[in-house]
Every structure is written in structure tokens, then in C-alpha cells.
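# Overview (structure and organization)
Listed here are the chains, written in short residue letters.
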Amino acid sequence: MLSERRLEVLRAIVQDYVGTEEPVGSKALTERHQLGVSPATVRNDMAALEDEGFIAQPHTSAGRIPTDKGYRLFVDRLAGVKPLSLPERRAIQNFLDGAVDLDDVVGRTVRLLAQLTRQVAVVQYPSLTRSTVRHVELLALAPARLMLVLITDTGRVEQRLIDCQSPFGETSLADLRARLNSRVVGRRFTDVPQLVQDLPESFEQDDRGTVSTVLSVLLETLVEETEERLMIGGTANLTRFGHDFPLTIRPVLEALEEHVVLLKLLGEAKDSGMTVRIGHENAHEGLTSTSVVAVGYGSGDEAVAKLGVVGPTRMDYPGTMGAVRAVARYVGQILAES
């Protein structure tokens, strides 16, 4: 266990290195921070921190910089989440309130996160596997052609055209719409197949074929849309941190193009708490010089997706965690009200 004083020295090193981008020396630490001890004592503390792997010396004449292990201890023990100011919170709310649909909400969220944190922002679309049905609309486009519109609790809208075997009357259509909604509204997508399996049998013989066709299109839509989608923005922000990536920025950019990698980075949506992965904690080779801050968002107590940012390990963790948490909260409110 590190003493309180050594923890304070580590905190000061992280804050100075993140703020100045320069390796930190004992003289600068005693001048900038009220550590209450001499530079010689600080030097001893830094030597102990280096021996334990919390800081490292990048080259012979320089001061010290935090390692992944040092940042991890800083995040776990020393860094609070920095709350956003009232003007920042108002700006977030005003910007997101202008969204007209789910795509717009996700797009605005990505831009906002990238601007607030000056990192790469990643937002996962609400997953249909965790969504519930808000409404199923059936519209007659021609005597034997229908449109199915599926609306989820998170505002996602899916449309499908259905060609029927024979004309389907307006009365039958209204009846199917009412019975279908009475069974599936408010229910999880994963429960829908079981809830509708015996529905065709409750209709007249002549209508059963069309009812079965409508249900098979509905169920296909659920299966198709379980594929996770996400949006990414602010990649250009990484160019500001060129010197933070040991060799080149290319492996980071290549990793960010792989959506499967990004979904793994964000983690399971059901784990809605804040997660911070630092440096080599990221399994993907191209991302070992980055940190990921992610949190779940949703329209109620349960998260339906994740959002977060990717940036260099030399990151303002308290500020980034505060921004990610605040944006997730506002997106959740918008989904709940939509």
C-alpha cells in the first residue's frame, strides 16, 4: 500500500503531465503543489513510485511520466468525476433537445461528446434485444400490399413492405393491428415470437395466410435488427495528440474503423456503470496507447446501449468521466420523453 503522501505525489504527477504534456520533475512538483515536504523527499517518493511501476522515466535527463498502472491507481483512488458547469449542462440540453429522431439524437450525441472531451466519440444505437415495442402500425398501400412500421421504446423506426397472397380487407387489417398491438406493446423484442405464435389461428381461414406472412416479416425484422450499430465522430481530434502515440497514429485509426472492436471496447450494455480501460487493459493491439471511458444509457433504470470516448492515456480523466456521464444522462432523458 502506498502512503497518503506518495498518493498525493502521484496525483500531482498525473495532473501536471496531463496539463503540460511534459515529464514532471521533483523541483516543479514542489513549486506547483503544496506537498509540505522538501524536493529531496519528493525525489525519494518518486523513486519509490518508479520502483513499484506507477511512473517511468521516458529518457535519461527528463522527469517522470505516469504508466498505465499509475493512471489506473489515479482513476480508482484519486480522481473524482468532475461535474459540468451549469452553462455546459444547459448547452448539452439545448443541443440535444433539437433532435428530431433517433438518428439525429445519436448524431448530435457523437458531435457533442467529441466537442466536450476533444477525443473520439463512439455512440452505440439502442439495442433491439433490450428494447420493447411501442407500437406496430399496418398500412394498406394496395389491396394485396401492406407496409409494416415497427416503433421501439427508444424511438427507433423500422419499415417493411409486405406482398400478400390475396387482397386483405380494411376491417381485417384493423383487426390484425389491434390484436397484434394488444399482445406486443410494452413487451421485449425477445418475447415477441412466443406472444404471437398462435395469432393466425384466431382469424378466419381465408385471412390466416396473410396474418402468417405479416408475422414472419415482423419476426424477420426483429432478427435483422439485433445487429448492433454505432456512430463514431471526432477522429480528427487524435491528430492533436500525435506525440502521445509511440510510433504512429495509424494502428489507432485502423482499430477505430472496426466496429466489432469498438463494440467490445464499449462493453456489454447491461453493465451500465462507468468503465475506464487504460492502455494495455485494451485487448486490441492497436489501442494499447489509448484509454476508453464508457457508460450505459437508457430510457429508464436499465441501459439499452453504451456511449463513450477513446483518447490517449494522457487524458483528463475527471473531466472526461464527467462529460460522458452527463451526456449519457441527457440522452436517457430524451429517449424516455420521446
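Remember, it's a predicted structure, so these values are computed and weren't measured experimentally.

## As for the overall build of the chain
Along the chain, the regular secondary structure elements total twelve helices and ten strands. Within the chain, the fraction of its 338 residues that count as buried is 49%. Relative to all contacts within the chain whose residues are 6 or more apart in sequence, the contacts with residues 24 or more apart total 60%. When the accessible surface of the chain is summed, it comes to about 16,300 Å², and 49% of that surface belongs to carbon and sulfur atoms.

## Re the side chain of Arg-314
Structurally, Arg-314 can be placed in the loop between β10 (305-312) and α12 (317-337). Within the local environment of Arg-314, its side chain forms a polar contact with the backbone oxygen of Val-18, the two atoms lying 2.8 Å apart. For Arg-314, the contacting residues outside a window of four places in its chain are Tyr-17, Val-18, Glu-21, Tyr-71, Phe-241, His-243 and Asp-244.

## Here we look at the layout of surface pockets
Space left empty within the atom packing is revealed by a probe, the size of a water molecule, rolled over the atoms. Roughly 430 Å³ of internal volume is contained in the largest pocket. Of all elements in the fold, only α1 (4-20), α6 (102-117) and α12 reach the threshold of two or more residues within the lining of the largest pocket. In terms of residue count, the dominant contributor to the lining of the largest pocket is α12 (three residues). Class assignment of the residues belonging to the lining of the largest pocket gives a composition of seven nonpolar, five polar and seven charged. Shared between two domains, the lining of the largest pocket takes at least three residues from each, and those domains are domain 1 (4-77) and domain 2 (86-126 + 228-337).

## Quick word on the packing of aromatic side chains
The tally for this structure, following the rule as stated, stands at one aromatic pair. Ring plane angle 50 degrees and centroid distance 5.6 Å describe the contact between Tyr-71 and Tyr-317, whose orientation is recorded as tilted. Of this pair, Tyr-71 sits in helix α4 (residues 68-78) while Tyr-317 sits in helix α12, placing them 246 residues apart in sequence. Of the residues examined, Tyr-71 reaches a relative accessible area of 2% and is grouped as buried. When its relative accessible area of 0% is taken as the criterion, Tyr-317 is described as buried. Above the face of the Phe-54 ring, Lys-69 is positioned so that its terminal group lies 4.6 Å from the ring centre.

## So, the environment of Leu-161
Structurally, Leu-161 is set in strand β6 (residues 157-163). The class for Leu-161 is partly exposed, based on a relative accessible area of 46%. For Leu-161 and Ala-79, which are 82 residues apart along the polypeptide, the C-alpha to C-alpha distance reads 53 Å. Dropping the residues within four chain positions of it, Leu-161 is found in contact with Leu-141, Arg-145, Leu-146 and Met-147.

## Some points on the domain arrangement of the chain
A common way to express how large an interface is: the accessible area buried when the components associate. Entries for the chain in the domain assignment read domain 1 (4-77), domain 2 (86-126 + 228-337) and domain 3 (129-225). Centre-to-centre, using C-alpha coordinates, domain 1 lies 62 Å away from domain 3.

## With respect to the nonpolar core
Ranked by internal contacts, the top residues of the largest apolar core, which has 58 residues, are Leu-29, Leu-307 and Tyr-317. Top contributing element to this core by residue count: α12, with eleven residues. Here this core spans two domains, since at least three of its residues come from each of domain 1 (4-77) and domain 2 (86-126 + 228-337). If you look at the next biggest cluster of nonpolar residues, it comprises 24 residues, including Val-136, Leu-180, Val-211 and Leu-222.

## Section: unusual backbone geometry
You will see that Glu-21, though not glycine, has its phi angle at about 65 degrees, which is positive. Here Glu-21 is to be found in the loop between α1 and α2 (26-32). In this structure, Arg-118 is a non-glycine residue whose phi angle is positive, near 60 degrees. Note on placement: Arg-118 falls in the loop between α6 and β3 (120-124). According to the relative accessible area criterion, Arg-118 is partly exposed, its value standing at 47%.

## Some words on the sheet that holds β10
The strands that make up a sheet are held in pairs by hydrogen bonds between backbone atoms, and each pair lies either parallel or antiparallel. Read across the sheet, five strands follow the order β7-β3-β10-β9-β8 without closing on themselves; strand pairing throughout is antiparallel. At either end of the open sheet lies a strand with only one pairing partner, and these are β7 (230-233) and β8 (275-278). Averaged over all neighbouring strand pairs, the angle between strand axes comes to 15 degrees, with direction disregarded. Alignment of β3 against β7, held across four bridges, turns out to be antiparallel. What sits directly across from Val-122, in β7, is Ile-232. Across the sheet, α12 is in contact with β8, β9 (290-297) and β10; its angle to β9 comes to roughly 25 degrees.

Criteria and cut-off values
Residues numbered from 1 in each chain as written. Predicted model: local features only at pLDDT ≥ 70, side-chain atom pairs only at ≥ 80, totals over all residues. Heavy atoms only, no water. Helix = DSSP H or I, 4+ residues; strand = E, 2+ residues; numbered from the N terminus. Buried < 20%, exposed > 50% of the residue type's maximum accessible area, 1.4 Å probe, protein only. Contact = heavy atoms within 4.5 Å. Areas by Shrake-Rupley, 256 points an atom, 1.4 Å probe, with all protein chains shown as cover. Polar contact = N/O pair within 3.5 Å; in protein donor to acceptor, adjacent residues only side chain to side chain. 1 Å grid on protein atoms, 1.4 Å probe; cavity = no way out; pocket = protein on both sides within 12 Å on 5 of 7 lines; lining within 4 Å. Points joined across faces, edges and corners; volume = space filled by probe spheres on them. Nonpolar A, V, L, I, M, F, W, Y, C, P; charged D, E, K, R; others polar. Domains from an automatic or database assignment. Phe/Tyr/Trp six-rings, centres within 6.5 Å; stacked < 30°, edge-to-face > 60°. Lys NZ or Arg CZ within 6 Å of the ring centre and 35° of its normal. Core = buried A, V, L, I, M, F, W, Y, C linked by side-chain atoms within 4.5 Å. Pairing = 2+ DSSP bridges. Axes fitted to C-alpha atoms, helices over the stretch in contact; angles between N-to-C directions.

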